[in-house]
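Here's the letter readout for the chains.
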Amino acid sequence: MARHVLVVGGAGYIGSHMVALLAERGHAVTVLDDLSSGHRDAVLAGELVVGDLGDRALLDALLGGRRFDAVMHFAARIQVAESVAQPARYYRNNVAATLTLLEAMLAHGVGAFVFSSTAAVYGEPQRVPIDEDHPKAPVNPYGRSKWMVEQMLADLEAAHGLRSVSLRYFNAAGADPAGRLGERHDPETHLIPLVLQAAAGRREAVTVFGTDYDTHDGTCIRDYVHVADLCEAHLLALERLWAGAPGGAFNLGNGNGFSVREVIETARRVTGRAIRVREGPRRAGDPARLVADSRRAREVLGWRPRHDALETIVAHAWAWESARA
Ligand SMILES: NC(=O)c1ccc[n+]([C@@H]2O[C@H](COP(=O)([O-])OP(=O)(O)OC[C@H]3O[C@@H](n4cnc5c(N)ncnc54)[C@H](O)[C@@H]3O)[C@@H](O)[C@H]2O)c1
Ligand SMILES: O=c1ccn([C@@H]2O[C@H](COP(=O)(O)OP(=O)(O)O[C@H]3O[C@H](CO)[C@H](O)[C@H](O)[C@H]3O)[C@@H](O)[C@H]2O)c(=O)[nH]1
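Fair warning: this is a prediction, and the values are worked out from it, not measured in the lab.

Draft legend 1. View of the site of ligand 2. Surrounding ligand 2, one finds 19 residues, the nearest of these being Thr118, His190, Thr207, Arg283 and Asp286. In the model, an oxygen atom of ligand 2 is placed 2.6 Å from a nitrogen or oxygen of the Arg283 side chain. Measuring from an oxygen atom of ligand 2, one finds a side-chain N or O atom of Asp286 at 2.6 Å. Protein coverage of the free-state accessible area of ligand 2, which is 690 Å², stands at 90%. Every element with two or more residues in the shell around ligand 2 is listed here: helix H6 (191–199) and strand E8 (206–209). Top contributing element to the shell around ligand 2 by residue count: E8, with 3 residues.

Draft legend 2. Summary view of the domain arrangement of the protein chain. Structurally, the protein chain comprises domain 1 (4–173 + 224–252) and domain 2 (191–223 + 255–324). Taken residue by residue, the interface counts 27 residues in domain 1 and 28 residues in domain 2. Carbon and sulfur atoms supply 64% of the area that domain 1 and domain 2 bury against each other, a total of about 2,500 Å² over both sides. When the area that domain 1 buries against domain 2 is broken down by residue, the three leading residues are Tyr224, His226 and Asp229, summing to 31%. Summed over the shared surface of domain 1 and domain 2, the result is 2 salt bridges. Here Asp133 and Arg296 are joined by a salt bridge, their closest N and O atoms 3.3 Å apart. At the boundary of domain 1 and domain 2, one finds 11 residue pairs in polar contact (both at pLDDT 80 or more). Breaking the side of domain 1 that touches domain 2 down by element, the ones donating at least two residues are strand E7 (171–173), strand E10 (224–226), helix H7 (227–242) and strand E11 (248–252). Take the side of domain 1 that touches domain 2: its biggest share by element is 7 residues, from H7. Partitioned by chemical class, the residues of the side of domain 1 that touches domain 2 number 16 nonpolar, 4 polar and 7 charged.

Draft legend 3. Fine view of the nonpolar core. By size, the foremost hydrophobic cluster in this structure holds 37 residues, and its most contacted members are Ile14, Met18, Leu22, Met72, Leu167, Leu238 and Leu252. Sort the elements by how many residues they give to this core and H7 lands first, with 9 residues. Two domains each put at least three residues into this core: domain 1 (4–173 + 224–252) and domain 2 (191–223 + 255–324). Apart from residues lying up to four places away in sequence, Leu252 is in contact with Leu167, Arg168, Tyr169, Phe170, Val225, Leu230, Ala233, Ser294, Ala297 and Trp303.

Draft legend 4. Local environment of the packing of H6 against helix H10 (residues 310–323). Between H6 and H10, whose axes approach to 10 Å, the crossing angle comes to 55°. Relative to H10, H6 is oriented oblique. Handedness of the crossing formed by H6 with H10: right-handed. Contact with H6, carried on its side by Ile192, Pro193, Leu196, Gln197 and Ala199, involves Leu310, Ile313, Val314, Ala317, Trp318 and Glu321 of H10 and no other residues of that element.

Draft legend 5. Layout of helix H1 (residues 13–24). In this model H1 runs 17 Å from its N-terminal to its C-terminal C-alpha over 12 residues, within 8% of the 16 Å that 1.5 Å per residue would give. Counted residue by residue, H1 has 10 buried out of 12 residues, so it is predominantly covered. For H1, every residue scored as buried is listed here: Tyr13, Ile14, Gly15, Ser16, His17, Met18, Val19, Ala20, Leu21 and Leu22. Against the buried residues of H1 lie strand E1 (4–8), strand E2 (28–33), strand E4 (70–73), strand E6 (163–169), E7 and H7. The positive-phi residue at the C-terminal boundary of H1 is Gly26, with phi of around 90°.

Draft legend 6. Layout of H10. Helix length check: H10, at 14 residues, gives a terminal C-alpha distance of 20 Å against a target of 20 Å (1.5 Å per residue), a fit within 8%. Among all positions of H10, only Leu310, Ile313, Val314, His316, Ala317, Trp318, Trp320 and Glu321 are buried.

Draft legend 7. Up close: the UniProt feature "domain: NAD-dependent epimerase/dehydratase" (unreviewed entry) in the protein chain. The UniProt feature table records "domain: NAD-dependent epimerase/dehydratase" (unreviewed entry) at residues 5–253. Strand forms 20% of residues 5–253 and helix 38%; the C-alpha atoms that close the span are 25 Å apart.

Draft legend 8. Representation of the packing of helix H4 (residues 87–108) against helix H5 (residues 141–160) within the structure. Running from N to C, H4 and H5 point in directions that differ by 20°, and their axes come no closer than 9 Å. The angle between H4 and H5 falls in the class roughly parallel. In this structure, H4 meets H5 at a crossing whose hand is right-handed. Here Pro87, Tyr90, Tyr91, Asn94, Val95, Thr98, Leu99, Leu102 and Leu106 of H4 lie close against H5, whose contacting residues are Pro141, Tyr142, Arg144, Ser145, Lys146, Met148, Val149, Met152, Leu153, Leu156 and His160.

Draft legend 9. Spotlight on the environment of Ser259. With respect to the helices and strands, Ser259 occurs in strand E12 (residues 258–259). Residue contacts for Ser259: discarding those within four places in its chain leaves His216, Asp217, Thr219, Cys220 and Ile221. A polar contact is formed between the side chain of Ser259 and the side chain of Asp217, at a distance of 2.7 Å.

Conventions adopted
Residues numbered from 1 in each chain as written. Chains lettered and ligands numbered in written order. Predicted model: local features only at pLDDT ≥ 70, side-chain atom pairs only at ≥ 80, totals over all residues. Heavy atoms only, no water. Near = heavy atom within 4 Å. Polar contact = N/O pair within 3.5 Å; in protein donor to acceptor, adjacent residues only side chain to side chain. Areas by Shrake-Rupley, 256 points an atom, 1.4 Å probe, with all protein chains shown as cover. Helix = DSSP H or I, 4+ residues; strand = E, 2+ residues; numbered from the N terminus. Domains from an automatic or database assignment. Contact = heavy atoms within 4.5 Å. Buried area = accessible area lost by both parts, 1.4 Å probe. Salt bridge = Lys/Arg side-chain N within 4 Å of Asp/Glu carboxyl O. Nonpolar A, V, L, I, M, F, W, Y, C, P; charged D, E, K, R; others polar. Core = buried A, V, L, I, M, F, W, Y, C linked by side-chain atoms within 4.5 Å. Buried < 20%, exposed > 50% of the residue type's maximum accessible area, 1.4 Å probe, protein only. Axes fitted to C-alpha atoms, helices over the stretch in contact; angles between N-to-C directions. Parallel < 35°, antiparallel > 145°, perpendicular 65-115°, else oblique. Left-handed = near helix turned anticlockwise from the far one by under 90°. Expected span 1.5 Å × (residues − 1). UniProt positions renumbered as here; feature names shortened; annotations may be inferred.

Set out below in structure tokens:
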């Protein structure tokens, strides 16, 4: 059945892929985005309302003016280092503004919420792969802001019946398999786009942050998950909420860890280009190894990632990156 979904942060990297998928599946979409890091031309479907999700009057006008069946919330500040330098910005945008959105949803009777959470809620892992019951001990304001929202959501569900799913992404990567959308952060901090920009000649080299980790090749290991697979998980989460089933938190990752050097090697193979590498010091706050145990998402949501090969993730990101040159 076609529904109407409000996608907050729908002009950003992951949100824009979600908007396209919702429209493809026949849902009506409205996007709320202040374009602080998103792009107007990334919104391929629905209406774009430009504004701040912390603006209660705007939310009242939006939610009072039409009926929404769910809200998907992608909007956030997302850089760990910036969150350490400017924590108030993270608590204001990621926590306080999100609370304003949730209060507006309660006031207007919108009862289903899908939240973009992160592996950063776990902090330095005590065991790998990481399951959802792993202790939550975020080590920076970015991770703390996301964990605070998850805790607020549990309280709002218990008190008011606002039902939600929190999806804890590991490393979102890749691009729309049809080539319409991709990752366009400015500044870019994520490994795969940086490596591909070096391959495209738009960057002189890529720096490996730390070569002395306790891993097989000394570099950090991450679980890269395709943005299209993340979006499919969001749809499954929505369907679960609409079916009246309980919400909860789910890890989203492939369960395969790749080192920074392996990512660079894969990019060399996929692009056929030389990629210059510099070896640099560790980046503060990077755990050696983050790999997801996503069995809960598979078993409860029925999630089946389709693009789990690193080659495919890098190839789709390269198709996007090289078309921008
Ligand atoms: N990219 C990753 O690897 C990753 C990993 C884990 C979790 N996440 C989470 O996924 C979500 C999306 O990440 P992304 O990489 O697409 O980020 P992004 O920066 O590309 O997108 C965020 C969007 O939100 C908008 N926005 C920010 N603050 C806003 C506000 N106050 N009001 C309205 N719009 C606002 C921005 O303009 C942007 O379009 C974030 O919540 C992020 O924390 C991302
Ligand atoms: O120029 C670079 C950029 C990154 N890296 C390394 O590559 C790996 C991946 O780094 P990213 O910055 O691409 O991603 P993170 O693992 O740091 O961060 C991701 O996971 C976090 C949760 O831990 C947050 O959710 C964040 O938003 C999300 O992008 C890390 O080991 C990092 O040290 C480099 O060596 N050189």
